[in-house]
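Architecture and fold: a report
Chain by chain, the residues run as shown.
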Amino acid sequence: DSGVTQTPKHLITATGQRVTLRCSPRSGDLSVYWYQQSLDQGLQFLIQYYNGEERAKGNILERFSAQQFPDLHSELNLSSLELGDSALYFCASSVEVGYSYEQYFGPGTRLTVT
Amino acid sequence: LAKTTQPISMDSYEGQEVNITCSHNNIATNDYITWYQQFPSQGPRFIIQGYKTKVTNEVASLFIPADRKSSTLSLPRVSLSDTAVYYCLVGDRSGSGTYKYIFGTGTRLKVLA
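A brief structural summary.

On to the interface of chain A and chain B, then. Contact with chain A, which involves 20 residues of that partner, is made by 20 residues of chain B. The contact between chain A and chain B buries some 1800 Å² in all, and 55% of this surface belongs to carbon and sulfur atoms. Joining chain A to chain B, the criterion identifies zero salt bridges. Our enumeration of links across chain A and chain B arrives at five residue pairs in polar contact (both at pLDDT 80 or more). Looking at the side of chain A that touches chain B, the elements with two or more residues in it are strand E4 (31-38), strand E5 (42-50) and strand E6 (53-57) of chain A. Looking at the side of chain A that touches chain B, its residues break down into ten nonpolar, seven polar and three charged.

Turning next to the pattern of salt bridges. Residue and element names in this part refer to chain A. If you walk through the whole model with that rule in mind, you get four salt bridges over all chains. A salt bridge links Arg63 to Asp85; its shortest N-O distance comes to 2.8 Å. In this pair, Arg63 is assigned in the loop between E6 and strand E7 (64-68) and Asp85 in the loop between strand E8 (74-78) and strand E9 (87-94), connecting sequence segments 22 residues apart. Exposure remark for Arg63: the relative accessible area of 18% places this residue in the buried category. A relative accessible area of 3% places Asp85 in the buried class. Each of Arg63, Glu82 and Asp85 takes part in a single network of salt bridges with overlapping partners.

Let's shift gears to the sheet that holds E7(A). Paired through backbone hydrogen bonds, the strands of a sheet run either parallel or antiparallel to each other. Residue and element names in this part refer to chain A. Pairing in this open sheet of four strands is antiparallel, and the strands run E1-E3-E8-E7 from one edge to the other. Whereas interior strands pair on both sides, the edge strands pair on one side only; in this sheet they are strand E1 (5-7) and E7. Looking at each pair of strands side by side, their axes are set apart by 15 degrees on average, direction ignored. For E1 and strand E3 (residues 19-24), the ladder comprises three bridges, and the chain directions are antiparallel.

What counts and what doesn't
- Residues numbered from 1 in each chain as written.
- Chains lettered and ligands numbered in written order.
- Predicted model: local features only at pLDDT ≥ 70, side-chain atom pairs only at ≥ 80, totals over all residues.
- Heavy atoms only, no water.
- Contact = heavy atoms within 4.5 Å.
- Buried area = accessible area lost by both parts, 1.4 Å probe.
- Salt bridge = Lys/Arg side-chain N within 4 Å of Asp/Glu carboxyl O.
- Polar contact = N/O pair within 3.5 Å; in protein donor to acceptor, adjacent residues only side chain to side chain.
- Helix = DSSP H or I, 4+ residues; strand = E, 2+ residues; numbered from the N terminus.
- Nonpolar A, V, L, I, M, F, W, Y, C, P; charged D, E, K, R; others polar.
- Buried < 20%, exposed > 50% of the residue type's maximum accessible area, 1.4 Å probe, protein only.
- Pairing = 2+ DSSP bridges.
- Axes fitted to C-alpha atoms, helices over the stretch in contact; angles between N-to-C directions.

What follows is the structure in structure tokens.
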């Protein structure tokens with residue numbers, strides 16, 4: 001158990017809908033990262049927050065947004081869902097010491113868009 | 001866009017040493033190289049991290065040449081339970097200069113009895 005929790009574990013929804021994925025980082029970790037894993041694209045970095053501020057951004061679609069709250073939990077919002085958004089979404093957290101970091105991953109949320 | 005490439009798959013027998021290489025020609029100057037292990041339907045799990053030369057912990061070694069454009073994960077005496085997909089992760093500051101994390105393409109290791 002990494003100490004990172006994600007809810008829900010599974011999510012099935014229809015095209016055009018909007019969903020919110022939630023992540024609670026390990027106690028003491030200030031950074032939260034979101035990744036998407038699909039069969040054809042592998043593990044893709046979406047976005048990172050550090051203590052509430054956006055720190056780094058990957059190829060995150062404009063239909064997707066995220067935020068980190070004062071209690072450090074994070075939410076990833078996916079809107080106008082398409083079939084191609086079906087994937088595993090992972091959250092990770094870390095304590096950053098300079099450029100060294102170990103990202104601890106949660107169990108993921110499996111999103112199925114029908 | 002930076003490419004971080006790994007061999008697609010490898011087979012090995014129990015007890016052998018396995019070396020998996022990752023090429024990351026656009027690694028950010030100050031960034032560390034990290035390796036993860038992933039089992040089906042689970043999140044990646046941290047194995048080892050390094051900046052240059054050699055790092056060793058209780059489960060693996062990591063070799064990084066001076067130019068840091070590649071790294072090699074070494075797993076000594078693998079067992080059946082090491083069957084998994086292995087990924088390298090690096091930071092990249094290419095393109096527009098924005099920073100992003102890049103996972104390698106992943107290497108599927110199958111350990112045979």
